[in-house]
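Per-entry structural report
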Amino acid sequence: MVRAAVLPAVGAPLEIAEIDLPAPGPGQVRVRLAAAGVCHSDLSLSDGTMRVPVPAVLGHEGAGTVVSVGEGVTGVAPGDGVVLNWAPSCGSCHACSLGEVWLCANALTGAGDVYARRASDGSDLHPGLNVAAFAEETVVAAGCVLPVPDGIPLTDAALLGCAVLTGYGAVHHSARVRAGETVAVFGVGGVGLAALQAARIAGASQIIAVDISPEKESLAREAGATDYVVASDTTAREIRSLTGKQGVDVAVECVGRAVTIRAAWDSTRRGGRTTVVGIGGKDQQVTFNALEIFHWGRTLSGCVYGNSDPARDLPVLAEHVRAGRLDLGTLVTERIGLDGIAGAFENMVAGKGGRALVVF
Ligand code: APR
Ligand code: ZN
Ligand code: ZN
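I will try to describe carefully the structure that is included in this document. Quick caveat, the model's predicted, so the values are computed rather than measured.

Attention now goes to the side chain of His 60. You can see His 60 is positioned in the loop between strand S4 (56-57) and strand S5 (62-69). In this structure His 60 comes out as buried when scored by relative accessible area, which is 0%. A distance of 2.9 Å separates polar atoms of two side chains, one belonging to His 60 and the other to Asp 42. Leave out the neighbours within four places in its chain, and His 60 touches Cys 39, Ser 41, Asp 42, Trp 86, Leu 129, Val 131, Ala 133, Gly 161 and Cys 162.

To continue, consider the coordination of the zinc ion (ligand 3). Protein-derived ligands of the zinc ion (ligand 3) are Cys 90 (SG), Cys 93 (SG), Cys 96 (SG) and Cys 104 (SG), with the metal-ligand distances lying across 2.3 to 2.4 Å. Every donor counted, the four donor atoms about the zinc ion (ligand 3) form angles of 102 to 120° at the centre, which fits tetrahedral coordination. Spacing between the donor residues of the zinc ion (ligand 3) along the chain follows C-x2-C-x2-C-x7-C. Taken together, the positions of Cys 90 in the loop between strand S6 (81-84) and helix H2 (94-97) and Cys 104 in the loop between H2 and strand S7 (116-118) put the pair 14 residues apart, joining distant regions of the chain. For Cys 90, a relative accessible area of 33% corresponds to the partly exposed category. The buried category is assigned to Cys 104, whose relative accessible area is 8%.

Residues in close proximity to ligand 1 total 22 residues, the closest being His 40, Ser 41, Asp 211, Ile 279 and Arg 355. Between ligand 1 and Ile 212, the relevant distance is 3.2 Å, taken from a nitrogen atom to a main-chain nitrogen or oxygen of the residue. Between an oxygen atom of ligand 1 and a main-chain N or O atom of Val 255, the distance comes to 3.1 Å. For ligand 1, whose accessible area on its own is 730 Å², the fraction buried by protein is 92%. Secondary structure elements with two or more residues in the shell around ligand 1: helix H1 (40-47) and helix H4 (190-202). In terms of residue class, the shell around ligand 1 is built from ten nonpolar, eight polar and four charged. Counting contributing residues per domain, the shell around ligand 1 is built from domain 1 (2-161 + 327-359) and domain 2 (167-303), each supplying no fewer than three.

In this section: the pattern of salt bridges. Summed over the entire model, instances satisfying the criterion amount to 14 salt bridges. One salt bridge connects Arg 355 with Glu 61, and the closest N-O pair in it is separated by 2.9 Å. Residue Arg 355 is found in strand S18 (residues 355-359), and its partner Glu 61 is found in the loop between S4 and S5; the two are separated by 294 residues along the sequence. Taken as a pair, Arg 355 and Glu 61 share a single burial class, namely buried.

About the cut-offs
- Residues numbered from 1 in each chain as written.
- Chains lettered and ligands numbered in written order.
- Predicted model: local features only at pLDDT ≥ 70, side-chain atom pairs only at ≥ 80, totals over all residues.
- Heavy atoms only, no water.
- Helix = DSSP H or I, 4+ residues; strand = E, 2+ residues; numbered from the N terminus.
- Buried < 20%, exposed > 50% of the residue type's maximum accessible area, 1.4 Å probe, protein only.
- Polar contact = N/O pair within 3.5 Å; in protein donor to acceptor, adjacent residues only side chain to side chain.
- Contact = heavy atoms within 4.5 Å.
- Donors = N, O, S within 2.8 Å, 3.2 Å for Na, K, Ca; no water.
- Tetrahedral: all angles 85-135°; square planar, octahedral: opposite > 155°, others 65-115°.
- Near = heavy atom within 4 Å.
- Areas by Shrake-Rupley, 256 points an atom, 1.4 Å probe, with all protein chains shown as cover.
- Nonpolar A, V, L, I, M, F, W, Y, C, P; charged D, E, K, R; others polar.
- Domains from an automatic or database assignment.
- Salt bridge = Lys/Arg side-chain N within 4 Å of Asp/Glu carboxyl O.

Okay, structure coming up:
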């Protein structure tokens, strides 16, 4: 039996409960979590913005130690440190055959999957985003674990699993920021902070952070922002004036709202690129007129998991950490227990802090 934060129903508060985990089956790995970051996608799954079968154990940004492995697992052994990868790839679908593993058609487990049971009544529990990291231990498919790169403490490694792969990847793989370009990052949460650091690593000449909360300025500047704009209905105009009336080369949207997607697009120069990392609901409709699409010659793209291949990219991120270019510690503004996740969700809604990290 281990403790977990269970989402009993969409929209309901999380409950701390004892759960029974099975021994890992063929191709599965049991992991003892060291830490798990609280990502906005967990909030979106719990409030119904994104769908998840319930009752569920959420949490998809984690790292820990392998406890045991099931039949046929060869890549990791008990005692190994691993980062959880919430988007395992099958290697054989069309996307995987093109190397776009983040779009793997078979990445998400089916809605009927049950991975554990509540100890109190034996009822089914589903793993939110495959890995169910809001628990002392989890059982995942072997494709959901990757070795922790050398020299990265497990608690820091957790952040690599979502915020950093996503924010860094948005900048380097999706927008492909080049040295000397100007970048605006909308949303200074864990993902936006990683995107800001990634823009600095890419050698961006000007990095403008945008957030609705004025409180995020110091965090943003610490992550590399050269300018800070408190979001309003004149955000795009302010960004244009900060860039010699031109607009930025690249905008990275890390909020997931129609208004910020539209403002990000409006803040780019002619020919600029906007990458949308944020995940919004179906109610968030963005409109463009045909003439402006022609006139501005801009690109707007979606971005899943930062268009990252975790197996390829984790060693690259680790190298940035070891060289002092990427600071994982500054993403974390709060360390909590499992019972602190509800408060972390509240802080997210209120626009307070960076990442909250559940430390086990
Ligand atoms: N304009 C600018 N910033 C905004 C706005 C807005 N209208 N609304 C909210 N924000 C800011 C919040 O103040 C917060 O700082 O966006 C930030 C979002 O940060 P988090 O809630 O910590 O979210 P994070 O975990 O970083 O995820 C960002 O990426 O993966 C997706 O689902 C995730 O959509 C989410 C996004
Ligand atoms: Zn996430
Ligand atoms: Zn695939």
